[in-house]
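The lines below spell out each chain.
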Amino acid sequence: MGVLKDRSALFPGSFDPFTRGHKSIVDQGLSLFDRIVIGVGANTDKRGLLTVANRIRLIEDIYRDEPRITVASYDGLTGDFCRAEGLGFILRGMRNTVDYEYERGIMLVNQTLFPEIMTVLLFTPPEYAAVSSSMIRELMAFGRDPVELMPQNIDLKNYL
């Protein structure tokens, strides 16, 4: 891998919605990277809870006062997006061994296709290990407010 001017990373995901667990990974990443782009994957085949525009707005609201964070949507391969944006790292979070196996598989393919991009895996803190976007969507489907699982001061109803 060549010398990079800065340490900029992509934190990719669908973020439907962005949770306390996601925030914990980004916050850890800020101690490692000069800049983090939170990349919201735009999967047109999936009907999500939030529109891509509202996912972006939610994340921008969380990081309104953090100039080292930017948010962008993309489609296509994550490595292609990294190359186009000049990002040398992919930041990912792991909650458990299932996540590890999944992330390891993606990392190995990315190493083959995009050898100049390094994947950095961080562990989700134990208090957020059970939090997932799908769990939040499930709670909402049953009329529950997932406020305890969302980043502080985020009311998910404002983004529906």
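Cut-offs used in this document
- Residues numbered from 1 in each chain as written.
- Predicted model: local features only at pLDDT ≥ 70, side-chain atom pairs only at ≥ 80, totals over all residues.
- Heavy atoms only, no water.
- 1 Å grid on protein atoms, 1.4 Å probe; cavity = no way out; pocket = protein on both sides within 12 Å on 5 of 7 lines; lining within 4 Å.
- Points joined across faces, edges and corners; volume = space filled by probe spheres on them.
- Helix = DSSP H or I, 4+ residues; strand = E, 2+ residues; numbered from the N terminus.
- Nonpolar A, V, L, I, M, F, W, Y, C, P; charged D, E, K, R; others polar.
- Buried < 20%, exposed > 50% of the residue type's maximum accessible area, 1.4 Å probe, protein only.
- Pairing = 2+ DSSP bridges.
- Right-handed = clockwise from strand over helix to strand, strands pointing away.
- Axes fitted to C-alpha atoms, helices over the stretch in contact; angles between N-to-C directions.

J.: Please clarify how the layout of surface pockets should be interpreted in this entry.
T.: Rolled over the atoms, a probe sized like a water molecule indicates the empty space that remains. What the largest pocket holds in volume is close to 1,200 Å³. Lining of the largest pocket is provided by 44 residues; of these, Pro 12, Gly 13, Ser 14, Arg 92 and Tyr 102 occupy positions nearest its centre. At eight residues, the largest contribution of residues to the lining of the largest pocket is made by helix H4 (residues 97–113). Among the residues making up the lining of the largest pocket, the classes are represented as 16 nonpolar, 18 polar and ten charged.

J.: Quick question: what am I supposed to make of the pairing of strand E2 (residues 35–41) here?
T.: Strand residues, when the strand is regular, have side chains that alternate between the two faces of the sheet. Of all seven residues in E2, five are buried; the element is thus mostly enclosed. By the bridge criterion, six bridges tie strand E1 (residues 8–13) to E2 in an arrangement that is parallel. Considered in E2, the bridge of Phe 11 is made with Ile 38. With respect to chirality, the unit in which E1 leads through helix H1 (residues 20–29) into the neighbouring parallel E2 is right-handed. The pairing of E2 with strand E3 (residues 69–74) spans six bridges and is classified as parallel.

J.: I tried to follow the sheet that holds strand E5 (residues 118–123) on my own but got confused; where do I start?
T.: In sheet architecture, strand pairing relies on hydrogen bonds along the backbone and comes in two forms, parallel and antiparallel. What the five strands build is an open sheet, ordered E3-E2-E1-E4-E5; its pairing is parallel. Two strands close off the open sheet at either side, each with one partner strand: E3 and E5. For this sheet, the mean inter-axis angle between neighbouring strands, taken without regard to orientation, is 30°.

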